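Listed below, chain by chain, are the residues.
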Amino acid sequence: MDVCIFYFSGTGNTKWVADKFVENFSYKGMEAEAHSIELLEPVKVKELAAESRILMFAYPVYGSYIPEPMKRFVDEFPPLHLHNEIAIVCTQMMFSGDGAWFYHDAFEEKGYKVKWTYHFIMPSNVSIRLFPLPYTSDQHKIKKILAKCEKKIVEAVDNINMNVPSLTGSSTLSYILGLMQRPFYKKYIKRPFKTPLKADHDACVKCMRCIQICPESNIRLSDGEIVFGNECTLCLRCYNFCPKTAITAYGVRHKKNKPTYKGPEGFDPALIAKRKDLMDFME
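The rules behind the values
- Residues numbered from 1 in each chain as written.
- Predicted model: local features only at pLDDT ≥ 70, side-chain atom pairs only at ≥ 80, totals over all residues.
- Heavy atoms only, no water.
- Pairing = 2+ DSSP bridges.
- Helix = DSSP H or I, 4+ residues; strand = E, 2+ residues; numbered from the N terminus.
- Contact = heavy atoms within 4.5 Å.
- Axes fitted to C-alpha atoms, helices over the stretch in contact; angles between N-to-C directions.
- 1 Å grid on protein atoms, 1.4 Å probe; cavity = no way out; pocket = protein on both sides within 12 Å on 5 of 7 lines; lining within 4 Å.
- Points joined across faces, edges and corners; volume = space filled by probe spheres on them.
- Nonpolar A, V, L, I, M, F, W, Y, C, P; charged D, E, K, R; others polar.

(A) Fine view of the sheet that holds strand S11 (residues 252-253). Here three strands make up an open sheet; going across it, the order is S7-S10-S11 and the pairing antiparallel. At either end of the open sheet lies a strand with only one pairing partner, and these are strand S7 (197-199) and S11. By the bridge criterion, two bridges tie strand S10 (residues 247-249) to S11 in an arrangement that is antiparallel. When the sheet's bridge partners are listed, Thr-248 is paired in S11 with Arg-253.

Below you can see the structure in the form of structure tokens.
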């Protein structure tokens, strides 16, 4: 296989980018596959790494930092097999500084060479009311953003196909911009911390969808109520995809008359999350 893409996607943006890479690689006659890291067992990861020439890691950046599920995946990734080359792809709302380059040392310590890093601007998934960040649930507006992104994906595929290196985020300025974000993220948002997400028990209907789609198995049903642990990675799946918008953030529930962000059209987080035996999450 030419390219294997390992991705973590909270609310669908990074999955969309990974799928578009696969689509555009195929136009170039390159065989490519995209895999959600939540669905992969270690044995399968080793097989994919061994049979692929280029390994791509795709994830959203949080405060110019790597999400915990992807960080753990990279840290546990097997050492160099043959002559794999690495591409790192980050999705972001506006900018991340060195988001894609930030964790390159972890790959190089395993013997891999990071040859391509890219940042792609995607629709914001931060629907939380207390965060004054613009977002839209209008699919027409979302598609306009995606169309711009796809043009850049086509350019990136051309670079990779022609073996032209591209290291977005590796400059000193990018490092400074990233450094401006990481301390705040690490201190106030990055776990371990007491999650700001809770269930509004009056609105919650105990459908347990939040339990099923949580990538960190951080949500449980205890004494008949939905409760959150302290392993939240703030992917916002539960908040954005609760059918009753019954998840509160910092004690505030989402506006009932304003839809949350649910990713590119057709995205379903249940399709990229590991299936759970709900009995294991009931106390």
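(B) Local environment of the sheet that holds strand S5 (residues 113-121). Taking strand neighbours across the sheet as the criterion, the six strands line up as S2-S1-S3-S4-S5-S6 in an open arrangement whose pairing is parallel. Both outer strands of the open sheet, strand S2 (32-36) and strand S6 (166-167), are each paired with one neighbouring strand and no more. As defined by bridge partners, strand S4 (residues 85-92) adjoins S5 across eight bridges and the pair is classed as parallel. Note on S5: the bridge partner recorded for Thr-91 is Phe-120. Against the sheet, helix H3 (residues 68-75) engages strand S1 (3-7) and strand S3 (54-60), with an angle of about 155 degrees to S3. The sheet contacts of helix H5 (residues 139-161) involve S3, S5 and S6, and relative to S5 the element is tilted by about 165 degrees.

(C) Region of interest: the layout of surface pockets. Put simply, the largest pocket is a space of about 790 Å³. In terms of lining residues, the largest pocket is bounded by 32 residues, among which Val-61, Tyr-62, Gly-63, Val-126 and Leu-133 are the most central. Counting residues per element, the ones that place at least two in the lining of the largest pocket are helix H1 (13-27), S4 and helix H6 (172-188). Here the lining of the largest pocket takes three residues from H6, the largest share from any one element. For the lining of the largest pocket, the class distribution of residues is 18 nonpolar, 14 polar and no charged.

So, to be careful, I would describe these as geometric facts and stop short of saying anything about function.
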